[in-house]
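# Analysis of the macromolecular model
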Amino acid sequence: MDETGLRRRKLAEESSLSPTKDAVKTIAALDVFPKVPSDFKKPTNCGAALTFICAAVCILLIVTEFFHYRQANLEFSYSVDKDHSSKLPVAIDITVAMPCEAIGADIVDLVNEQVDIDVGLNEEPAYFALSPEDEHNFQMRRQMNAYIAEEYHALHRYLWTTGHRSSWADPAPRKLVLRGNTRPDACRFYGLVHVNKMAGNFHVLAGKALHGADIHAHISFFVSEAESNFSHRIDRLGFGASDYAIINPLDGELKTTKHHSVSYQYNLKVVPTEVTSRFSTIMTYQYGVQATERILNHSSGVHGIPGIFIKYDINPMQINVSDKPVPILHFLVRVCGVVGGIFATTGILSSLINSIIQRFFAGEGQKKIPFYKQDSLTEPHPSKSPAASAPPNALFALLGGSTNTY
């Protein structure tokens, strides 16, 4: 019974919170990602458009990051080349504008040891002027070399990373198609020759080479000076494993002249290069070249032997190219950063666009959103009647003094 004589219901006293609930409530207070009730969320057309754009950009950047993850980083290091006993394969494909009967090719190393070129080096008659299809392929090779000269190792990095292999790798015989009654006016030397890993000299001179004990000569009595023309085209000149896609500096080299006594000299510095990829390890060779051209005239004091001389020297240092894949953790961190940055940027854009729409394009009734304070939801309003805040039994008493009164 209370002071008014009404019987009140016995309300259960609120028990204090258990230690477990108190700990959960304390942990929940540390939440830095507060949840917004669904009643305060309002979807808009602008938000839907930004959602689609955000999803598309996320997918595009994630795919880009995946391809970047698949690409390996190449690392370059240097070491001493300790392999001196193995043979060095040399891929040769050169065409000289003279008949095969009038010229000969030979290789001599630093210790004056003649290489048996009959095993790997072949010669065949050819036309110095190329067919339209061959001319197109040859010009592509020249453009590729010009690009490499400008971009240095940019293309080499791509070829070593992807493991792309060249279609011009192995010099092979070509079927000679006669052009009417015109006889072949050139000679093509091609093949794969194995030489010692030391400095040497590959040359093409007038007359056939004469081999013997401590004798190295070219017999050119039957070739007149008027018939000499050492214009030449180098389709390929490479060292090491020739099946790997390395575009050499002299691949696609073309030299033409109208003079009969011309000496062409190419000084090559060959550097051993070991390429280690995810799938294999290959030993190949790079080289730099310095080319000179001299028009010989004995009466004016410019002496020499007309011909083509390719002198090479092996560098004792070795370049090691290793394929280093990107760790999976780096890929995951980059993906998380991309997705988080896109969502944050999209949220800022959405808020900015909604603010502009609310300020300049919304109606008077939509510009202001009602805001209720927490106190107004808990404290009784002064204009309300006392019955609004009275207990249920007091309400019945005010209505009729009894629960049976209507």
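The structure displayed is predicted, hence computed values, not measured ones.

What counts, and where the lines are drawn
Residues numbered from 1 in each chain as written. Predicted model: local features only at pLDDT ≥ 70, side-chain atom pairs only at ≥ 80, totals over all residues. Heavy atoms only, no water. Helix = DSSP H or I, 4+ residues; strand = E, 2+ residues; numbered from the N terminus. Contact = heavy atoms within 4.5 Å. Pairing = 2+ DSSP bridges. Axes fitted to C-alpha atoms, helices over the stretch in contact; angles between N-to-C directions. pLDDT = per-residue confidence, 0-100. Core = buried A, V, L, I, M, F, W, Y, C linked by side-chain atoms within 4.5 Å. Buried < 20%, exposed > 50% of the residue type's maximum accessible area, 1.4 Å probe, protein only. 1 Å grid on protein atoms, 1.4 Å probe; cavity = no way out; pocket = protein on both sides within 12 Å on 5 of 7 lines; lining within 4 Å. Points joined across faces, edges and corners; volume = space filled by probe spheres on them. Nonpolar A, V, L, I, M, F, W, Y, C, P; charged D, E, K, R; others polar. Patch = residues over 30% accessible without salt bridge, like charges linked within 9 Å, V, L, I, M, F, W, Y side chains within 5 Å. Areas by Shrake-Rupley, 256 points an atom, 1.4 Å probe, with all protein chains shown as cover. Salt bridge = Lys/Arg side-chain N within 4 Å of Asp/Glu carboxyl O. Expected span 1.5 Å × (residues − 1). Disulfide = S-S within 2.5 Å. Phe/Tyr/Trp six-rings, centres within 6.5 Å; stacked < 30°, edge-to-face > 60°. Lys NZ or Arg CZ within 6 Å of the ring centre and 35° of its normal.

Moving on, we come to the environment of Pro316. With respect to the helices, strands and loops of the structure, Pro316 is situated in the loop between strand E13 (307–314) and strand E14 (317–324). As for Pro316 and His84, which are separated by 232 residues in sequence, their C-alpha atoms are 9.4 Å apart. Excluding its chain neighbours within four sequence positions, the residues that come into contact with Pro316 are Ser79, Val80 and Asp81.

On the basis of which strands lie adjacent, the open sheet formed by five strands has the order E4-E5-E2-E9-E10 and antiparallel pairing. Looking along the sheet, the strands with just one partner apiece sit at the ends: strand E4 (121–126) and strand E10 (253–255). Put simply, the sheet's adjacent strands are angled 15° from each other on average, direction ignored. Where strand E2 (residues 87–96) lies against strand E9 (residues 232–239), seven bridges are found, and the strand directions are antiparallel. Bridge pairing links Thr95 to Arg233 in E9.

Residue-level pLDDT values for the protein chain average 76, and 72% of them are 70 or greater. By mean pLDDT, helix H9 (residues 392–400) is the weakest element of the protein chain at 45, and E13 is the strongest at 94. Note that pLDDT drops below 50 for residues 369–381; the model gives that stretch one contact with residues more than four away or on any other chain. Confidence drops under pLDDT 50 across residues 392–406; counting only partners more than four residues distant or on other chains, this segment forms 11 contacts.

Okay, the nonpolar core next. Within the largest apolar cluster, 38 residues are counted, with the highest numbers of intra-cluster contacts made by Ile107, Phe189, Phe202, Leu237, Phe239, Leu268 and Ile308. Breaking this core down by element, the ones donating at least two residues are E2, strand E3 (103–109), strand E5 (186–196), strand E6 (200–206), E9, strand E11 (262–276), strand E12 (281–295) and E13. If we skip the residues at most four places from it in the chain, Leu237 touches Val90, Ala91, Ile92, Asn248, Leu250, Asp251, Leu268, Tyr287 and Ile310. Val271, Val275, Ile319 and Val321 belong to the second-largest nonpolar core, a separate cluster that totals six residues.

Our focus in this paragraph is empty space enclosed by the protein. Per the stated rule, a full pass over the model turns up two cavities of 30 Å³ or more. Its boundaries defined by the atoms lining it, the largest cavity holds a volume of some 60 Å³. Contributing to the lining of the largest cavity are Val90, Ile92, Ile107, Val195, Phe202, Leu237, Phe239, Ile310 and Tyr312. Elements with a minimum of two residues in the lining of the largest cavity: E2, E9 and E13. Its residues assigned to classes, the lining of the largest cavity shows nine nonpolar, no polar and no charged.

A contiguous nonpolar patch, built from Leu349, Leu352, Ile353, Ile356, Ile357, Phe360 and Phe361 and spanning about 670 Å² of accessible area, is present on the exposed surface. In this structure, Phe360 sits in helix H6 (residues 328–361). By relative accessible area, Phe360 is classed as exposed at 56%.

In a regular helix each residue adds 1.5 Å, so 26 residues correspond to 38 Å; helix H2 (residues 45–70) covers 38 Å between its end C-alpha atoms and thus fits that length. Of the residues making up H2, those classed as buried are Cys46, Gly47, Leu50, Cys54, Cys58 and Glu65.

A word on the pattern of salt bridges. Close approach of charged atoms allows side chains with opposite charge to pair. Here the structure, examined in full by the defined rule, presents 10 salt bridges. Its salt-bridge partner being Glu65, residue Arg334 comes within 2.7 Å of it at the nearest N-O pair. Here the residue Arg334 occupies a position in helix H6, and Glu65 occupies one in helix H2, the gap between them amounting to 269 residues. You can call Arg334 partly exposed: its relative accessible area is 42%. Note on Glu65: relative accessible area 12%, which makes it buried. For Asp93, the salt bridge identified is with Arg174, shortest N-O distance 3.5 Å.

What follows concerns the state of the cysteines. In the structure shown here, the tally under the stated rule is one disulfide. Here Cys100 pairs with Cys187 through a disulfide, and the sulfurs are 2.2 Å apart. Judged by the sign of its S-S torsion, about 100°, the cystine formed by Cys100 and Cys187 is right-handed. Of this pair, Cys100 sits in the loop between E2 and E3 while Cys187 sits in strand E5, and the two are 87 residues apart along the sequence. The thiol sulfur of Cys58 is not disulfide-bonded, and the nearest other cysteine sulfur, from Cys54, lies at 4.2 Å. Residue classification places Cys58 among the buried positions, given a relative accessible area of 9%.

Further remarks concern the packing of aromatic side chains. Under the definition given, this model contains five aromatic pairs. With centroids separated by 6.1 Å and ring planes inclined at 70°, the aromatic side chains of Phe66 and Phe67 adopt a geometry described as edge-to-face. Pairing Phe66 with Phe331 gives two aromatic rings, centres 6.3 Å apart and planes at 70°, and the pair type is edge-to-face. You can see Phe66 sitting in helix H2 and its partner Phe331 sitting in helix H6, a full 265 residues away along the chain. The partly exposed category is assigned to Phe66, whose relative accessible area is 40%. For Phe331, a relative accessible area of 14% translates into the label buried. Ring pairs connect the aromatic residues Phe66, Phe67, Tyr69 and Phe331, which therefore count as one cluster. Over the aromatic face of Phe128 sits the side chain of Arg233, whose NZ or CZ is 5.2 Å from the ring centroid.

Further remarks concern the environment of His330. Mapped onto the secondary structure, His330 falls in helix H6. For His330, a relative accessible area of 47% translates into the label partly exposed. Along the backbone, His330 and Tyr69 are 261 residues apart, and their C-alpha atoms lie at a distance of 8.5 Å.

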